[in-house]
Amino acid sequence: QQVRYRFAPSSALPGRVALWPEVLNGGPSEELAAPFDSSARFAFYVVGSTVAQSAVPSPRSLTRGVEIHLDGMSETAPAGSTDPKRVQLTTSIFFKNRRD
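This structure is a prediction, so every number in the text was calculated from the model and none was measured.

Caption draft 1: The overall build of the protein chain, seen in detail. The helix and strand tally for the protein chain stands at 0 helices and 8 strands. Secondary structure of the protein chain in N-to-C order comes out as β-β-β-β-β-β-β-β. Here the protein chain has a C-alpha radius of gyration of 16 Å; the compact-globule value for 100 residues is 13 Å, and the former is much larger. In the protein chain, the share of contacts with a sequence separation of at least 24, taken over all contacts with a separation of at least 6, comes to 35%. Total accessible area on the protein chain is roughly 6900 Å²; 52% of this is exposed by carbon and sulfur atoms. Of the side chains in the protein chain, 11 bear a positive and 9 a negative charge, and the two mean positions are spaced by 10 Å.

Structure representation (structure tokens):
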């Protein structure tokens with residue numbers, strides 16, 4: 001099974017962003033987690049670079065890893081605040097099957 005993950009509008013929390021897995025061979029697409037800040041995104045490490053780039057590498061075989069910005073946002077504003085709380089979380093995953 002091949003699965004593509006994307007950040008897209010939430011169906012559970014209108015006006016917010018959610019993480020959606022999409023089964024590429026026609027399976028169901030269900031909202032996995034929400035809410036995220038609009039800055040949540042994926043970036044890609046490519047052969048020969050130590051900095052992640054936002055563009056999908058071409059060809060994809062140059063991909064060394066993935067950086068995921070899981071910038072979260074609270075569902076409601078905390079007590080004493082008028083805006084939801086935003087938390088930044090970034091993690092990187094490097095592919096061990098690469099020899100470069």
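Caption draft 2: View of the pattern of salt bridges. If you walk through the whole model with that rule in mind, you get 4 salt bridges. Glu22 serves as the salt-bridge partner of Arg4, at 3.9 Å between the closest nitrogen and oxygen. You can see Arg4 sitting in strand 1 (residues 3–9) and its partner Glu22 sitting in strand 2 (residues 17–23), a full 18 residues away along the chain. Judged by its relative accessible area of 46%, Arg4 is partly exposed. Of the charged contacts, one joins Arg86 and Asp71 as a salt bridge, the two residues approaching to 3.6 Å between their closest N and O atoms.

Caption draft 3: Unusual backbone geometry, seen in detail. Cis geometry marks the peptide bond from Ala34 to Pro35; its omega dihedral reads 0°. You can see Pro35 is positioned in strand 3 (residues 33–36). The peptide bond linking Ser58 to Pro59 adopts the cis configuration, its omega dihedral lying at 0°.

Caption draft 4: Local environment of the packing of aromatic side chains. Per the stated rule, a full pass over the model turns up 3 aromatic pairs. Ring centres of Phe7 and Phe36 lie 5.3 Å apart, and the angle between their planes is 75°; this geometry places the pair in the edge-to-face category. Placement of Phe7 in strand 1 and of Phe36 in strand 3 is noted, with a sequence separation of 29 residues between them. With respect to burial, Phe7 and Phe36 carry one shared label: buried. Judged by centre distance (4.6 Å) and plane angle (35°), the rings of Tyr45 and Phe94 are tilted. Of this pair, Tyr45 sits in strand 4 (residues 41–46) while Phe94 sits in strand 8 (residues 90–94), and the two are 49 residues apart along the sequence.

Caption draft 5: Local environment of the sheet that holds strand 8. Taken in spatial order, the 3 strands line up as 4-5-8 in an open sheet, and their pairing is antiparallel. Edge strands, defined here as strands with exactly one partner in the open sheet, are strand 4 and strand 8. On average, each strand axis in the sheet is tilted by 20° relative to the strand beside it, whichever way the strands run. Where strand 5 (residues 63–69) lies against strand 8, 5 bridges are found, and the strand directions are antiparallel.

Rules behind the numbers
- Residues numbered from 1 in each chain as written.
- Predicted model: local features only at pLDDT ≥ 70, side-chain atom pairs only at ≥ 80, totals over all residues.
- Heavy atoms only, no water.
- Helix = DSSP H or I, 4+ residues; strand = E, 2+ residues; numbered from the N terminus.
- Rg over C-alpha atoms; globule rule 2.2 N^0.38 Å.
- Contact = heavy atoms within 4.5 Å.
- Areas by Shrake-Rupley, 256 points an atom, 1.4 Å probe, with all protein chains shown as cover.
- Lys, Arg positive; Asp, Glu negative; His and termini not counted.
- Charge placed at Lys NZ, Arg CZ, Asp CG, Glu CD.
- Salt bridge = Lys/Arg side-chain N within 4 Å of Asp/Glu carboxyl O.
- Buried < 20%, exposed > 50% of the residue type's maximum accessible area, 1.4 Å probe, protein only.
- Phe/Tyr/Trp six-rings, centres within 6.5 Å; stacked < 30°, edge-to-face > 60°.
- Pairing = 2+ DSSP bridges.
- Axes fitted to C-alpha atoms, helices over the stretch in contact; angles between N-to-C directions.

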